[in-house]
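Geometric and topological summary
Given next are the chains, with one letter for each unit.
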Amino acid sequence: RLLAGEFPHRDFISVHTIGSSILHLPFVLLGGDHVYLASRFFVWFEFAAIALTWTRLIGRLMGIARDPMAEIPIAATAFVLSSHYFPVMAWPTIDGLLFAGLGLLLCTTQPKAARFAGYLLIGAAYGCKQSFAPLFPVALLLFGDWRRGYAWVAGGLPALAYFALLGIGGGLADVFRLNRQRSVRPGTDPIGRA
């Protein structure tokens, strides 16, 4: 729908933010007859990257010295187990887990630029699915960056960009209208008449 020129929330209902749609747009644009194959290959890559990222992240958070000979079998096991729990298809949760894991891993490093990129990726995670939004303040507290302005800016940029895009495209009012329609009392129509 994005490639057809339709605008999210204005032209079509989207219950999730459109970060995942943007991430998978190249596969739809360039995939041709093999769009499903290309998209699913990318999801396999995501599963592998998530397994390795979270294995490395847990090791860092536990203070375990990095040992690739132990890390790779653990990541491979996590990859096999996680790939059997969910169908191999493009899905906002998978994209969010990838961005969240990469972001948290970068937040455990010392260079300020890497930490900035980490919070930016955490922001991209809730750009894929709103349920990842609480991860941002939790990460700020977990890593002690809640007083650092760059962390707030980096984590807030994806949301700011999303709402700015919606405002420019005319979909912002529709997001709030959709939420208002969901909360209408039974027995009334979406406009609120009895």
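Quick summary incoming for the structure in this document.

Reading guide: rules and limits
- Residues numbered from 1 in each chain as written.
- Predicted model: local features only at pLDDT ≥ 70, side-chain atom pairs only at ≥ 80, totals over all residues.
- Heavy atoms only, no water.
- Core = buried A, V, L, I, M, F, W, Y, C linked by side-chain atoms within 4.5 Å.
- Buried < 20%, exposed > 50% of the residue type's maximum accessible area, 1.4 Å probe, protein only.
- Helix = DSSP H or I, 4+ residues; strand = E, 2+ residues; numbered from the N terminus.
- Contact = heavy atoms within 4.5 Å.
- Lys, Arg positive; Asp, Glu negative; His and termini not counted.
- Salt bridge = Lys/Arg side-chain N within 4 Å of Asp/Glu carboxyl O.
- Polar contact = N/O pair within 3.5 Å; in protein donor to acceptor, adjacent residues only side chain to side chain.
- Axes fitted to C-alpha atoms, helices over the stretch in contact; angles between N-to-C directions.
- Parallel < 35°, antiparallel > 145°, perpendicular 65-115°, else oblique.
- Left-handed = near helix turned anticlockwise from the far one by under 90°.
- Nonpolar A, V, L, I, M, F, W, Y, C, P; charged D, E, K, R; others polar.

As for the nonpolar core
Residues Leu104, Tyr119, Ile122, Phe136, Ala139 and Phe143 are the most contacted members of the largest nonpolar core, which totals 19 residues. Secondary-structure elements contributing two or more residues to this core are helix 5 (92-107), helix 6 (112-128), helix 7 (135-142) and helix 8 (149-169). In this view, Phe136 contacts Tyr119, Ile122, Tyr126, Ala151, Trp152, Gly155 and Gly156; residues no more than four positions away in its chain are not counted. Membership of the second largest hydrophobic core comes to 7 residues, among which are Val43, Ala49, Val88 and Ile94.

Quick word on the side chain of Lys129
Checked against the element boundaries, Lys129 lands in the loop between helix 6 and helix 7. Despite its burial, Lys129 pairs with no opposite charge; the closest candidate is Asp95, at 11 Å N-O. Among the polar contacts listed, one links the side chain of Lys129 to the side chain of Thr93, at a separation of 2.9 Å.

Overview of the pattern of salt bridges
Taken as a whole, this structure holds 4 salt bridges when the rule is applied. Here Glu71 and Arg56 are joined by a salt bridge, their closest N and O atoms 3.0 Å apart. In this pair, Glu71 sits in helix 4 (residues 68-83) while Arg56 sits in helix 3 (residues 35-61), placing the two residues 15 residues apart along the sequence. Under the relative-accessibility criterion, Glu71 is labelled buried at 9%. Here Arg115 ties to Asp145 by a salt bridge, and the two come within 2.6 Å at their closest N and O atoms. Of this pair, Arg115 sits in helix 6 while Asp145 sits in the loop between helix 7 and helix 8, and the two are 30 residues apart along the sequence. Take Asp145: its relative accessible area is 0%, and that puts it in the buried class. A network of salt bridges, in which partner residues are shared, links Arg56, Arg66 and Glu71.

Examining the environment of Lys129
Sequence separation between Lys129 and Gly96 is 33 residues, and the spatial gap between their C-alpha atoms is 6.4 Å. Setting aside its immediate chain neighbours within four residues, Lys129 contacts His16, Thr17, Pro92 and Thr93.

Here's the deal with the packing of helix 5 against helix 6
As a packed pair, helix 5 and helix 6 sit with axes 7 Å apart at the nearest point and diverge in direction by 165°. Classified by the angle between their axes, helix 5 and helix 6 sit roughly antiparallel to one another. Like other packed secondary-structure pairs, helix 5 and helix 6 cross with a definite hand, here left-handed. Contact residues: Pro92, Asp95, Gly96, Phe99, Ala100, Leu102, Gly103, Leu104, Leu106 and Cys107 in helix 5; Ala114, Arg115, Ala117, Gly118, Tyr119, Leu121, Ile122, Ala124, Ala125 and Cys128 in helix 6. A breakdown of the residues in the contact of helix 5 with helix 6 according to their chemical character gives 15 nonpolar, 3 polar and 2 charged.

So, the packing of helix 3 against helix 5
Packing of helix 3 against helix 5 leaves a shortest axis separation of 9 Å and a crossing angle of 35°. Read as a crossing pair, helix 3 and helix 5 show a hand that is left-handed. Counting all contacts with helix 3, which are made through Val43, Glu46, Phe47, Ala49, Ile50, Thr53, Trp54, Arg56, Leu57 and Arg60, the residues of helix 5 involved are Ile94, Asp95, Leu97, Leu98, Ala100, Gly101, Leu102, Leu104 and Leu105. Looking at the contact of helix 3 with helix 5, its residues break down into 13 nonpolar, 2 polar and 4 charged.

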